[in-house]
Amino acid sequence: MEAPEGGGGGPAARGPEGQPAPEARVHFRVARFIMEAGVKLGMRSIPIATACTIYHKFFCETNLDAYDPYLIAMSSIYLAGKVEEQHLRTRDIINVSNRYFNPSGEPLELDSRFWELRDSIVQCELLMLRVLRFQVSFQHPHKYLLHYLVSLQNWLNRHSWQRTPVAVTAWALLRDSYHGALCLRFQAQHIAVAVLYLALQVYGVEVPAEVEAEKPWWQIYTMDTEIP
């Protein structure tokens, strides 16, 4: 199973003239692989988000040059399934990954190459747990975004809500945010508010009574919002 070539460094690196550095592009591509493989494996949104977060956190602690990013990604998927109680078989992860890199190829045979890759995923999982000091449970923005969307839907008039896909756009922006390490740099509720704010700006939707309010709606949402 051949994976695209990678680079080294952290996920927020920038190159000359502000362009994304090679390592940042690698992280973007690998995160996309995690998302697409997760969908094909039938993973829910939260386990996929956890897999991306584990991947980004691991490379915040280590150097990308020292590890195969796609092997780390496969192990992240495997570990995230355990963390979020959506257990996946290593065989399924390997087959989906193989099809991702070789769309017209045949499934891997159960030969020495397959078992070596399987053992690598399992051993890599143990390495990641040690590097991350077994801190692999995360608070994601999803529940906050859902809460904010419900509140906003009740706040806006029905016509404004139905004619603009604010909710769909906000969820898409949240999913795309996991291509980078925003999930590690900001609080979950702040990310949720940010993607909702951007979705509203995209479609020019104004929140009622915002001008008369003492504080902007997004500031109210981010003040000590705790959702079980």
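Rules used in this analysis
Along each chain, residue indices are assigned from 1 in the same order as the chain's sequence is written. Confidence filtering applies because this is a predicted model: local features only for residues at pLDDT of at least 70, side-chain atom pairs given and counted only at 80 or more, and all residues used for totals across whole chains, interfaces and linings. The side-chain numbers reported here are obtained from all heavy atoms of the structure, hydrogens and water having been left aside. Where helices and strands are cited, they refer to DSSP runs of H or I of at least four residues and of E of at least two residues respectively, numbered from the N terminus. Accessibility here uses a 1.4 Å probe with only protein chains present; expressed as a share of the type maximum, an area under 20% marks a residue as buried, one over 50% as exposed, and anything in between as partly exposed. Whether two residues are in contact is decided by their heavy atoms: any pair within 4.5 Å suffices. Working definition of accessibility: Shrake-Rupley area with a 1.4 Å probe, residue cover restricted to the visible protein chains. Polar contact is the term for a pair of N or O atoms within 3.5 Å; when the atoms are in protein, one must be able to donate a hydrogen and the other to accept it, and sequence-neighboring residues count only if both atoms are side-chain atoms. Any pair of Phe, Tyr and Trp rings, taking the six-membered ring for Trp, is counted once the centres come within 6.5 Å. Such a pair is stacked with planes under 30 degrees apart, edge-to-face with planes over 60 apart, and tilted for the rest. Each salt bridge in this description consists of a side-chain nitrogen of Lys or Arg and a carboxyl oxygen of Asp or Glu lying within 4 Å of one another. By definition, no residue in a patch forms a salt bridge, and every one has over 30% relative accessible area; like charges are joined within 9 Å, nonpolar side chains (Val, Leu, Ile, Met, Phe, Trp, Tyr) within 5 Å. We call a set of buried Ala, Val, Leu, Ile, Met, Phe, Trp, Tyr and Cys residues a nonpolar core when their side-chain atoms join them within 4.5 Å. How far each domain reaches was decided by an automatic or database domain assignment. pLDDT runs from 0 to 100 and stands for how confident the predictor is about each residue.

Engineer: So what's going on with the overall build of the protein? Which residues, and what values?
Structural biologist: Looking only at helices and strands, the protein has 11 helices and zero strands in total. Listed N to C, the secondary structure of the protein is α-α-α-α-α-α-α-α-α-α-α in terms of helices and strands. Scored against the burial criterion, the 228 residues of the protein give a buried share of 45%. Of the contacts made within the protein by residues no fewer than 6 positions apart, 73% connect residues no fewer than 24 positions apart. Carbon and sulfur atoms make up 52% of the accessible area of the protein, which amounts to about 12,500 Å² in all.

Engineer: Quick one: what's the story with the side chain of Ser177, residue by residue and with numbers?
Structural biologist: Structurally, Ser177 is set in helix 8 (residues 166-177). At 2.6 Å, the side chain of Ser177 forms a polar contact with the backbone oxygen of Leu174.

Engineer: Any details on the environment of Ala37? Residues and values, ideally.
Structural biologist: Checked against the element boundaries, Ala37 lands in helix 1 (residues 22-40). Residue class for Ala37 comes out buried when judged on its relative accessible area of 2%. As a C-alpha pair, Ala37 and Tyr100 span 63 residues in sequence and 7.5 Å in three-dimensional space. Contact partners of Ala37, with chain neighbours within four places excluded, come to Ile77 and Val96.

Engineer: Account for the packing of aromatic side chains, with residues named and values stated.
Structural biologist: A full pass over the atoms with the stated rule returns 10 aromatic pairs. Pairing Phe58 with Phe59 gives two aromatic rings, centres 5.2 Å apart and planes at 85°, and the pair type is edge-to-face. For the pair formed by Phe58 and Phe59, the shared burial category is buried. Centroid distance Phe114 to Trp115: 5.3 Å. Interplanar angle 90°. Geometry classified as edge-to-face. The buried category is assigned to Phe114, whose relative accessible area is 3%.

Engineer: Before we move on, can you summarise the pattern of salt bridges with the specific residues and values?
Structural biologist: Under the definition given, this model contains four salt bridges. Note that Lys82 and Glu125 form a salt bridge whose closest N and O atoms lie 3.0 Å from each other. Of this pair, Lys82 sits in helix 3 (residues 69-83) while Glu125 sits in helix 5 (residues 112-131), placing them 43 residues apart in sequence. By relative accessible area, which is 35% here, Lys82 ends up partly exposed. Judged by relative accessible area, which is 5%, Glu125 ranks as buried.

Engineer: Help me get a handle on the environment of Ser120, residues and values and all.
Structural biologist: Mapped onto the elements, Ser120 comes out in helix 5. Accessibility expressed as a relative area gives 31% for Ser120, which makes it partly exposed. Along the primary structure Ser120 and Leu71 are separated by 49 residues, whereas in three dimensions their C-alpha atoms are 7.8 Å apart. Discounting residues that sit within four places of it in the chain, Ser120 has contacts with Leu71 and Ser75.

Engineer: Any chance you could break down a nonpolar patch on the surface for me, citing the residues and the numbers?
Structural biologist: Together, Leu198, Val202 and Tyr203 make up a nonpolar patch on the protein surface, roughly 260 Å² of accessible area in all. Inspection of the secondary structure puts Val202 in helix 10 (residues 188-203). When its relative accessible area of 52% is taken as the criterion, Val202 is described as exposed.

Engineer: Give me the nonpolar core: which residues, what numbers.
Structural biologist: The biggest cluster of nonpolar side chains holds 63 residues, and the ones touching the most others in it are Phe33, Ile34, Tyr55, Ile77, Leu145 and Leu196. Counting residues per element, the ones that place at least two in this core are helix 1, helix 2 (45-61), helix 3, helix 4 (90-101), helix 5, helix 6 (142-155), helix 8 and helix 10. With nine residues, the top contributor of residues to this core is helix 3. For this core, the domains that each give at least three residues are domain 1 (23-132) and domain 2 (141-222). Other than its neighbours up to four places away in sequence, Leu145 contacts Ala170, Trp171, Leu174, Ala192, Val195 and Leu196.

Engineer: Which residues make up the confidence of the model for the protein, and what values do they have?
Structural biologist: When the pLDDT values of the protein are averaged, the result is 85; 82% of them are 70 or greater. Scored below 50 in pLDDT, residues 5-19 makes 32 contacts in the model with residues more than four places away or belonging to other chains.

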